[in-house]
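Chains, contacts and geometry: an overview
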Amino acid sequence: MSQISKNDSKSNSASDDNTSQGIRDIGVLAFLAVLAMLTINSGAFGSNESITSKITHTAEITDETDDFSGKTVTVRSKPIQRISLRSFAVTDKRVVGGKPIVVINASGVPFDLPKDANTEVQVTGQVRELDIPKIERDFKLNIQDEYYKDYINQPAIIARYITLAPKPGQVATNPEQFYGKRVAMMGKVKDIQSPNLLKLDDGNFIGGKNLPILFSQKPKVAINEGQTVVVMGRVSPFVAADIQRNYKMNWNSDVKRQLEAEYANTPVLIAENVYP
């Protein structure tokens, strides 16, 4: 009888453990479902057809300038030289002897180059031959000719959009230099926890970490595991009260508590747009 009682006790204990685990699993699934519904109610992303994850290499532009002239392109590169307050040069360092391309900021928003030389920038704009009088007329700019004498009649990008473009691992490892800044981040989708919560992995940053991505609104495009995307948004430490207030998140107390337990004070990208 004693042996039977012990076996019954062990069986009951295992059953209790399995039940507890099942309850925890159901709780996590319920939390993610609620998080998704609360975000869905927040609205949907707008779209910008000129921005995608398709990147043009600067070497392509310098080698085939006529093919790109007048077209809108997006490039990602490390800036190599500041030319003036509104311009800088980029080049494709993967190509030996690659020619630099001038980027002229026509966005109307000042842009400071990254302090870290290893941080890329993303530029979207129109490819033009650097004919200063024509560019001044067409884009209503005032350009100081003396800064551009080495680039006259060479391809240039007249930028409508410029932003920092760090890798996910760079932000996850050294977030302080990116806090409060808007970035365009390219990476592979990993660990989709809900339609509005996932992680990005660049796959190349040695010793780097995956970066949590929290969508402030429902994405209009489908996002799949392993897909390469560009996510645009603002880097922030995860402080639930601040994020809920600033982005009008409709989190209830349970969702807020779960997010704080998982991500409190870790860097997160609050995503505003995503492009496949």
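Relevant structure appears above.
An account of the accompanying structure is given in this report. (Residues numbered from 1 in each chain as written. Predicted model: local features only at pLDDT ≥ 70, side-chain atom pairs only at ≥ 80, totals over all residues. Heavy atoms only, no water.)

To continue, consider the overall build of the protein chain. Each helix and strand in the protein chain was counted, giving 7 helices and 11 strands. Burial status across the protein chain gives 42% buried among its 276 residues. Taking the intrachain contacts of the protein chain between residues at least 6 apart in sequence as the baseline, contacts between residues at least 24 apart amount to 71%. Surface exposure of the protein chain reaches about 15000 Å², of which carbon and sulfur atoms provide 49%. (Helix = DSSP H or I, 4+ residues; strand = E, 2+ residues; numbered from the N terminus. Buried < 20%, exposed > 50% of the residue type's maximum accessible area, 1.4 Å probe, protein only. Contact = heavy atoms within 4.5 Å. Areas by Shrake-Rupley, 256 points an atom, 1.4 Å probe, with all protein chains shown as cover.)

Here we take up helix α4 (residues 132-139). For an α-helix, 3.6 residues make a turn, and residues three or four places apart therefore share a direction. Burial in α4 covers these residues: Ile132, Ile135 and Phe139. Seen from one end, α4 has its buried residues packed into an arc of 65°, which puts them on one side. Exposed and facing more than 90 degrees away from the buried side of α4 are Pro133 and Arg137. Check the buried side of α4 and you find it contacts β5 (120-129) and β6 (155-165). Looking at the residues trailing α4, positive phi occurs at Lys140, about 55°. (Arc of directions from axis to C-beta.)

Residue position: Thr91 is located in the loop between β3 (87-90) and β4 (101-105). Taking the relative accessible area as the measure of exposure, Thr91 reaches 9% and is therefore buried. From its side chain, Thr91 meets the backbone oxygen of Lys99 in a polar contact 3.3 Å long. In this structure Thr91 touches Thr58, Ser77, Ile80, Gly98, Lys99 and Pro100, once residues within four positions along its chain are discounted. (Polar contact = N/O pair within 3.5 Å; in protein donor to acceptor, adjacent residues only side chain to side chain.)

As a further point, take a negative patch on the surface. Taken together, the side chains of Glu60, Asp63, Glu64, Asp66, Asp67 and Glu129 make up a negatively charged region of the molecular surface. Looking at the negative patch, the elements with two or more residues in it are α2 (58-63) and α3 (65-68). Judged by relative accessible area, which is 46%, Asp67 ranks as partly exposed. (Patch = residues over 30% accessible without salt bridge, like charges linked within 9 Å, V, L, I, M, F, W, Y side chains within 5 Å. Salt bridge = Lys/Arg side-chain N within 4 Å of Asp/Glu carboxyl O. Lys, Arg positive; Asp, Glu negative; His and termini not counted. Charge placed at Lys NZ, Arg CZ, Asp CG, Glu CD.)

Another aspect to go through is the side chain of Ser84. With respect to the helices and strands, the residue Ser84 is situated in strand β2 (residues 79-84). Classification of Ser84 as buried rests on a relative accessible area of 10%. Of the polar contacts made by the side chain of Ser84, one reaches the side chain of Tyr148; its length is 3.0 Å.

Turning our eyes to something else, we now look at the packing of aromatic side chains. Under the counting rule described, the total for this entry stands at 3 aromatic pairs. The interplanar angle of 25° and the centroid separation of 6.2 Å between the aromatic rings of Phe238 and Trp251 together place this pair among those described as stacked. Here Phe238, found in the loop between β10 (228-237) and α6 (240-246), pairs with Trp251, found in the loop between α6 and α7 (253-263); they are 13 residues apart in sequence, far enough to count as distant. Take Phe238 and Trp251: they sit in the same class, and that class is buried. Centroid distance Phe238 to Tyr263: 6.1 Å. Interplanar angle 55°. Geometry classified as tilted. Here the residue Phe238 occupies a position in the loop between β10 and α6, and Tyr263 occupies one in helix α7, the gap between them amounting to 25 residues. A residue is classified by how much of its surface remains accessible, and Tyr263, at 6% relative accessible area, is buried. Among the aromatic residues, those joined into a cluster by ring pairs are Phe238, Trp251 and Tyr263. (Phe/Tyr/Trp six-rings, centres within 6.5 Å; stacked < 30°, edge-to-face > 60°.)

This paragraph deals with the pairing of strand β11 (residues 267-275). By the criterion of burial, β11 is predominantly enclosed, with 8 of the 9 residues buried. In this structure, β10 lies alongside β11, joined through 8 bridges in antiparallel fashion. Within β11, the position partnered with Pro237 by the bridge is Pro267. (Pairing = 2+ DSSP bridges.)

As a further point, take the nonpolar core. By size, the foremost hydrophobic cluster in this structure holds 34 residues, and its most contacted members are Val123, Ile157 and Ile213. Looking at which element gives the most residues to this core, the answer is β6, with 4 residues. Those residues in contact with Ile213 that lie beyond four places of it in its chain are Asn196, Leu197, Leu198, Lys199, Leu200, Val231, Val268, Leu269 and Ala271. Counting 15 residues, the second largest nonpolar core, distinct from the first, contains Leu130, Ile132, Leu141 and Ile158. (Core = buried A, V, L, I, M, F, W, Y, C linked by side-chain atoms within 4.5 Å.)

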